[in-house]
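Summary of structural features
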Amino acid sequence: MIQRTLGGAAIAGILALALPIIASAQETERFILGMNDSPLTFHPWDQSGADVQHHAQFYNRLVYLDKKLEPVPDLAESWSFSDDGKVLTLNLRQGVNFQTGKAFTSEDVKRSWLQITEGEFQGSHANLKPLADLVSEIRTPAPHTVELVYEQPNPAVFDLLDLFYVVDMDAWDLHNDMPIGTGPYKLKEYLPGNRLVMEVNEEYWSDIPEVEEIEYRVIPDPKALVLNLTSGEVDGIMFFPNREVENLRNAGFEVWATNPDGLVFDLLFGVNKAPLDNKLVRQAIALM
């Protein structure tokens, strides 16, 4: 975690990493973060390392999981389960607009879900689609009410919501070049392989971030990444060599693991061939 005043929404996005970040303590209205790779897509369901950093700047989720894996309201203010646990009702915030100016409603949630489960987009959503497919139906009984319907109670429902950024489907064709969500920042400049600059969304529905601009600057060489930090050219870096941690701490920089639990990888198995076609084998693996 960076101990720095970035504004609530900015902190959530920049620090949504499972690798160390280093930052200087200087206050600024512009924050420059050094990266060793360039963002490749603005599709919010792509979970690749270089792209996931900016998702929470441009988009919002209905609910997200904090570091204790507790659900926290985002575009959904509150929620409740049916008595049988098969229906999750989400009460959406009112007065939220996309960066196009269009009002956010329950139909945007449903259309985003349909795009994930039935549509096509250029990007990887391997983590998200299996979770979204478990929802048998999304109902929209009111403009600010969403019902997720399951055939059986699903303990992974908040894992889905933690990955499920809502997009303006009316502007879906623009997402290759322009992220259009409800987030605290909007795109100002993008030069692939060089830098990505975002500026604050003055119409944001929650607290306006204190940092007016965030720049992701691409510095592929790890040594150059560290040098840019120590010389003051950038305010923070990520994806740096672990051997530099102690040196930078000794030099007065703060080094924080953004998630002490580390990275999470999904390992999926086919169950149509032996031995995993045997339910008892799968149950034995689950108990390990």
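The helix and strand inventory of the protein stands at eight helices and 13 strands. The proportion of buried residues among the 288 residues of the protein is 46%. For the protein, the proportion of contacts with a sequence separation of at least 24, taken over those separated by at least 6, is 62%.

Detailed reading of the predicted model is not advised wherever pLDDT is low. In the predicted model, the protein carries a mean pLDDT of 82, and the fraction of residues at 70 or more is 83%. Counted against residues more than four places away or in other chains, residues 1–20, with its pLDDT under 50, gives 69 contacts.

It is worth spelling out the packing of aromatic side chains at this point. Scanning all chains against the criterion turns up eight aromatic pairs. Relative to Phe58, the ring of Phe42 lies with its centre 6.1 Å away and its plane at 80°, an arrangement referred to as edge-to-face. Residue Phe42 is located in the loop between strand 2 (30–35) and helix 2 (49–58), and its partner Phe58 is located in helix 2; the two are separated by 16 residues in the primary sequence. Using a relative accessible area of 2% as the deciding quantity, one classes Phe42 as buried. Accessibility expressed as a relative area gives 0% for Phe58, which makes it buried. Look at Tyr204 and Trp205: their rings are 5.1 Å apart centre to centre, the planes differ by 50°, and that puts the pair in the tilted class. On the basis of relative accessible area, Trp205 is assigned to the partly exposed category, the value being 22%. Through successive ring pairs, a cluster of aromatic residues spans Phe42, Phe58 and Tyr190.

To continue, consider unusual backbone geometry. In the segment running from Ala274 into Pro275, the intervening peptide bond is cis, with an omega of 0°. With respect to the secondary-structure elements, Pro275 resides in the loop between strand 13 (254–257) and helix 8 (279–286). Phi at Leu69 takes a positive value of approximately 60°, unusual for a residue other than glycine. Relative to the helices and strands, Leu69 is located in the loop between strand 3 (63–65) and strand 4 (71–73). Relative accessible area serves as the criterion here: at 61%, Leu69 is assigned to the exposed category.

Before going further, it helps to examine the pairing of strand 6 (residues 87–92). Most of strand 6 sits out of view: five of its six residues are buried. Joining the antiparallel neighbours strand 5 (residues 76–81) and strand 6 is a turn of five residues, in which Gly85 adopts a positive phi near 75°. Direction of pairing for strand 6 relative to strand 8 (residues 145–150): antiparallel, over a ladder of five bridges. Paired with Leu90 across the bridge in strand 8 is Val146.

How each quantity is defined
Residues numbered from 1 in each chain as written. Predicted model: local features only at pLDDT ≥ 70, side-chain atom pairs only at ≥ 80, totals over all residues. Heavy atoms only, no water. Helix = DSSP H or I, 4+ residues; strand = E, 2+ residues; numbered from the N terminus. Buried < 20%, exposed > 50% of the residue type's maximum accessible area, 1.4 Å probe, protein only. Contact = heavy atoms within 4.5 Å. pLDDT = per-residue confidence, 0-100. Phe/Tyr/Trp six-rings, centres within 6.5 Å; stacked < 30°, edge-to-face > 60°. Pairing = 2+ DSSP bridges.

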